[in-house]
Amino acid sequence: MASKGAGVSFSRKSYRLTSDAEKSKVTGIVQEKLLNDYLHRIFSSRDHTPTTATNRKSLNFQNLPEHLDQLLHVDIEDEESQGQIEGRLGPSTVVLDHTGGFEGLLLVNDDLLGVIGHSNFGTIRSTTCVYKGKWVYEVLISSQGLMQIGWCTINCRFNQEEGVGDTHNSYAYDGNRVRKWNVTTTNYGKAWAAGDIVSCLIDLDDGTLSFCLNGVSLGTAFENLSRGLGMAYFPAISLSFKESVAFNFGSRPLRYPVTGYRPLQDPPRADLVRAQKLLGCFQAVLGVELDPVEGRLVEKESSQWQLQGQPTVLLTLAHIFHHFAPLLRKVYVVEAVLMSFLLGIMEVGTPAQAQSVVRQVLDLLWLFMEDYEVQDCLKQLMMSLLRLYRFSPIVPDLGLQGRESKEVKDETAEERLRRRAYERGCQRLKKRIEVVEELQVQILKLLLNNKDENGGEASRYIFLTKFRKFLQENASGRGNMPMLCPPEYMVCFLHRLISALRYYWDEYKASNPSASFSEEAYIPPQVFYNGKVDYFDLQRLGGLLSHLRKTLKDDLASKANILIDPLELQAATMDDLDEDEEPASAAAAAAAQRPMQALAMGGALPLPRPGWLSSPTLGRANRFLSTAAVSLMTPRRPLSTSEKVKVRTLSAEQRTREDIEGSHWNEGLLLGRPPEEPEQPLTENSLLEVLDGAVIMYNLSVHQQLGKMVGVSDDVNEYAMALRDTEDKLRRCPKWRKDILAELTKSQKVFSEKLDHLSRRLAWVHATVYSQEKMLDIYWLLRVCLRTIEHGDRTGSLFAFMPEFYLSVAINSYSALKNYFGPVHSMEELPGYEETLTRLAAILAKHFADTRIVGTDIRDSLMQALASYVCYPHSLRAVERIPEEQRIAMVRSLLAPYEQRPWAQTNWILVRLWRGCGFGYRYTRLPHLLKTKPEDANLPSLQKPCPSTLLQQHMADLLRQGPDVAPSFLNSVLNQLNWAFSEFIGMIQEIQQAAERLERNFVDSRQLKVCATCFDLSVSLLRVLEMTITLVPEIFLDWARPTSEMLLQRLAQLLNQVLNRVTAERNLFDRVVSLRLPGLESVDHYPILVAVTGILVQLLVHGPASGKERATSVLLADPCFQLRSICYLLGQPEPSAPGTALPAPDRKHFSLQSYTDYISVEELAQVEQMLAHLTSASAQAAAASLPTSEEDLCPICYAHPISAVFQPCGHKSCKACINQHLMNNKDCFFCKATIESVEDWDKAANASATSSTT
């Protein structure tokens, strides 16, 4: 932003326009003859021969207004000046007819010149039509999709399928399909692209219609147009959903005017004449200087001219801008006069000289124009520059496209030529884009300049107010797409903002050695709770801000010396305020008197701004209002270190520079520094807020856009494969099959054209989104978030004030770096890569179960991020590198009972730590899915096994230590396994019933997905049990532990249930698996049976001798045990006799022996050993078992004899049932009395005791 006065402040009150006679003798005005010569030089008529000094009228500031009026008089009073032109009907200002001239749903811009399609095929026409003469209008193509642009009559009727060119008397050009339309269609013109200009020309004298593309004629499109009575043609367009254009009917100078054709809207000729004359006067001021000493005029180059504060020059400029400023609010004048003048300056002299002149011009505009005039003028100027930039071609020739899907080593010579040409084109494109990006960065540097206030407000603080409002609008508008800033713009804005921000950050460091470099940047935690930055409705880690301020107000007072404004607490709750706080009425009065700052307790209130500072009588020349007077009238006193500061949330508009940067008595944004934070500030406070806004931008839409752009590369690969397949078919197709050859050739052309288009787009994406520089920006933002979270974590309970998006951005930016920028750029090449991974691992490990974080969504995100983190070897090793106490704390959190938390993700993390160590658990994809193509090979579930023995050891140590850790954890795992498998069985029953119905029916895809999820959960829970038994077998097998026998019995019961359901002959599971329904691909025998087998092998083969016996006895004692299920694992329908060789497996049935690529020979031998052991043990148990009467069986399970009696109620059951019941409930099964103790019960002993008493 241009500075006001370029370092020199001038007050308008001394140089305002006046006609008072006394003012002619103002001190500083040059002598009369020199003034007369100067004014004649500046205001001489450019249309006539200059008058001689003898006959010209003397000029001074009294008669200058009259002279200016005569100079600017324009005599244009013909019919055109009043909009009544033959051949045209309608308003003189031509816009789109948004009241009645449209069909379908369309979004029209505020200026009624831009339109976006919001329905299938919407149509809209202009408000003005033509019936005679030659006319032209221009259309800027903002998107290159399906559109038909041209002319129509008022009698044309359109709908959602038929648009301009589809009816009689309507004519259109379609650059998307390269055709022209008038009921029928033929090839015409060239393909358009976004940024192109289409000129639509109609000659109603000859009855022809034609089009131009970027000023190049496409030839006559239509002839013999209908003319005569009642025939008038409107500009019109039909466009499909999300397509957009911008019309220029003549409200701005045409980009490509055509000789003989006039725009539908006439230019403001009188204003243009006046503006050109005033511009000549302005240029004359810049080309001459006064020499009062010598009494003469000195010619000077405009690049050397400087505003010295001479009253004569200031008053002269004030007279010029009195007439010129209102004209500079009009878009046509700005584009035709001012922008042409500025561009002419840039073409003359060196860039440094040109920039000096442009800066002087902008300073003068800022000095002599009113605020609303400057705003309108600069807005129109910026929009004109943007339109000019959009028309500038910067894309190099990318005619030879590469095909990324093919390996370089398999390239042919032609493909190598294409690839190299494509790479050269990409490099040229990148270099040209870098020029534009650097210009954008320079603009942002001007906007972030905080040293250009010169009596007003510095650019940076104006930018901060606008920037915060921009963020708020986009944050509140999420989901309402038309109101959001387009995400592709947001991506570019973020990268340029980071470049400008880091420039000023490091510049401050250079002048302040105690500050930090931008590489060490972070947001101090006090920014999140002191109310100086408004986070609108964005969620905090600890919940709502009002709730946090109420519950943590004591912590704020003790740790940060901050008291919350009672009004804010009163607005959030109806609780009474503390007695020591000031009454609400006093606080309201204070807030009303000082709405711009946070109040310090005991501080004096500022005096109101004096009215004379903003008086409108100061005139046009008085631009700068002094804020120093207001500052001097505001008494201040420093705060003591123990004094509390009362704060309240301030909106962006309410804040002053002092609220941001602070002063000698106020820390600004850093108010309320916790003791953990250093006293020395990192950088300027305003830069901290810009950095905070950059993090918000990434969270709003940048990450989603980065992910969306990845699809371009996928599309290129898919079309390249399709093109290669088509070419292969062409080579194999017989020559005599002309019909097939024609279709294949047509397909080849379509695929080739689409591949060319996508490859061009991919080149643009790689240059603007996925370049190395952009990757470094995202990486820097990731490190900023990590440091911010680490510093916030040190504040204890105040960490809850941090907005959730900081954790989200840390997670998402890492994901983007890992998944979106490869394979061209690897994250492993980034500086400090290993350290960054470790720091992120420490944050995920600590905060996924942090009680200070209450939001369900962010807790789930943390859990999912940690689950994904342990799937990849490099990130898993980062988890192993974090300090040991943090690793142990993470594992302890993972082993907490599964109830009341996302246990599925927790279980997934534990499974990934084990995968690669379990029985037959070394696969990446299930055996029956190998022939199918994975959706995405980068998915965490498709990564190679990478178990962590270190974290497994931590798990084993924790399960051994506490007496309650293992029972509570395993009880929750067994409960969830029972639920998941039961749900799975119930769902496949419903699926089977639906499949057997005679009528045609479809199973809900959501039901299939839930069914597959329950199956996957069952398998993962079984794997966790396998890991637990392998690492700590004594939990189940050491019956000295009070819960071991009960846990083993529950485990045996569930294992038998799973085996019986899955292995039964012609059972439900078999039938559903054989259906191979979409969505149930993961449901198969192998994953669940090998998991069960792994548990049984650990219990019955690897355990100690005493443990094997206990496990065998418990397993055989379960009434659901069937030896046939164990035989099924090896494909044996019936048990083989002891000592005989195992028969060959039946390949038609499931058998572990069929999976030699997944199960080792040693593992198969262990299964055979287990089968032999169970066969022998079951035979012995059958011979030794005695019949039990029904009266002696447990009334709960009817599987075991009664062995326990409850006290004091005396009811009985088996120990297994009562022990399992007491894990979750203390009430008796039968009478609901509270069970105080459980005693052993033996029928025989009890009977003898009864007989002895009698």
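Residues numbered from 1 in each chain as written. Predicted model: local features only at pLDDT ≥ 70, side-chain atom pairs only at ≥ 80, totals over all residues. Heavy atoms only, no water.

1. Section: the pairing of strand β15 (residues 234-240)
Across the seven residues of β15, seven count as buried, placing the element largely inside the fold. Burial along β15 is two-sided: Phe234, Ala236, Ser238 and Ser240 facing one way and Pro235, Ile237 and Leu239 facing the other are all buried. Two elements, strand β5 (residues 121-125) and β15, share five bridges in a ladder whose sense is antiparallel. Along β15, the bridge assignment pairs Phe121 with Ser240. Where strand β8 (residues 147-152) and β15 come together, six bridges link them in antiparallel fashion. Across the sheet, the residue bridging to Cys152 is Phe234, located in β15. (Buried < 20%, exposed > 50% of the residue type's maximum accessible area, 1.4 Å probe, protein only. Helix = DSSP H or I, 4+ residues; strand = E, 2+ residues; numbered from the N terminus. Pairing = 2+ DSSP bridges.)

2. Looking at the packing of aromatic side chains
Aromatic ring pairs are defined here through the distance separating the ring centres and the angle between the ring planes. Enumeration over the complete set of coordinates arrives at 36 aromatic pairs. Both rings, one in Phe984 and one in Phe1069, keep their centres 6.0 Å apart while their planes meet at 65°; by these two values the pair is edge-to-face. Taken together, the residues Phe984 in helix α27 (residues 965-996) and Phe1069 in helix α31 (residues 1068-1075) connect sequence positions 85 residues apart. Residue classification places Phe1069 among the buried residues on the basis of a relative accessible area of 2%. Through pairs of rings, three or more aromatic residues link up here, namely Tyr921, Tyr923, Tyr1086, Tyr1128, Phe1150, Tyr1155 and Tyr1158. The ring of Tyr261 is capped by Lys134, whose NZ or CZ atom sits 5.8 Å from the centre of that ring. Between the NZ or CZ atom of Lys180 and the centre of the ring of Phe222, over which it lies, the distance is 5.4 Å. (Phe/Tyr/Trp six-rings, centres within 6.5 Å; stacked < 30°, edge-to-face > 60°. Lys NZ or Arg CZ within 6 Å of the ring centre and 35° of its normal.)

3. Considerations on the pattern of salt bridges
Enumeration according to the criterion identifies 31 salt bridges in this entry. Here Asp793 makes a salt bridge to Arg852, at a shortest N to O gap of 2.4 Å. On the criterion of sequence distance, the pair formed by Asp793 in helix α19 (residues 772-793) and Arg852 in the loop between α21 (833-847) and α22 (856-869) is long-range, its members being 59 residues apart. Accessibility expressed as a relative area gives 16% for Asp793, which makes it buried. Close ionic contact of Glu1163 with Arg922 constitutes a salt bridge, the shortest N to O distance being 2.9 Å. (Salt bridge = Lys/Arg side-chain N within 4 Å of Asp/Glu carboxyl O.)

4. Section: a positive patch on the surface
On the surface, Lys242, Lys708, Lys754 and Arg761 cluster together into a positively charged patch. When you line up the elements, Arg761 lands in helix α18 (residues 738-768). (Patch = residues over 30% accessible without salt bridge, like charges linked within 9 Å, V, L, I, M, F, W, Y side chains within 5 Å. Areas by Shrake-Rupley, 256 points an atom, 1.4 Å probe, with all protein chains shown as cover. Lys, Arg positive; Asp, Glu negative; His and termini not counted. Charge placed at Lys NZ, Arg CZ, Asp CG, Glu CD.)

5. As for the sheet that holds strand β9 (residues 170-174)
Spatial ordering of the open sheet is given by β2-β5-β15-β8-β9-β10-β11, a layout of seven strands whose pairing is antiparallel. One side of each edge strand has no neighbouring strand; the edge strands of this open sheet are β2 (102-103) and β11 (184-187). Both β2 and β5 contribute to a ladder of two bridges, which runs antiparallel. Bridging across to β5, Glu103 finds its partner in Thr123.

6. Here we look at helix α4 (residues 311-327)
The end-to-end C-alpha separation of α4 is 25 Å, in line with the 24 Å expected for 17 residues at 1.5 Å each. Counting buried positions along α4 gives 14 out of 17 residues, so the element sits mostly inside the fold. (Expected span 1.5 Å × (residues − 1).)

7. Considering the pairing of β5
Taking burial as the measure, the five residues of β5 include five buried ones, the bulk of the element. Going residue by residue along β5, you find Phe121, Thr123 and Arg125 tucked away on one face and Gly122 and Ile124 tucked away on the opposite face as well.

8. Structural notes on a nonpolar patch on the surface
A surface patch of nonpolar side chains, about 310 Å² in accessible area, is lined by Leu343, Met382, Leu385 and Ile443. Tracing the sequence through the fold places Ile443 in helix α8 (residues 413-447). Ile443 gets classed as partly exposed once you look at its relative accessible area, which sits at 42%.

9. A short note on unusual backbone geometry
Put simply, Gln1207 and Pro1208 share a cis peptide bond, and its omega is 10°. Within the element layout of this structure, Pro1208 appears in the loop between β22 (1204-1207) and β23 (1212-1213). In this structure, Val178 takes a positive phi of about 55° despite not being glycine. Considering the arrangement of structural elements, one finds Val178 in the loop between β9 and β10 (179-182). For Val178, a relative accessible area of 23% translates into the label partly exposed.

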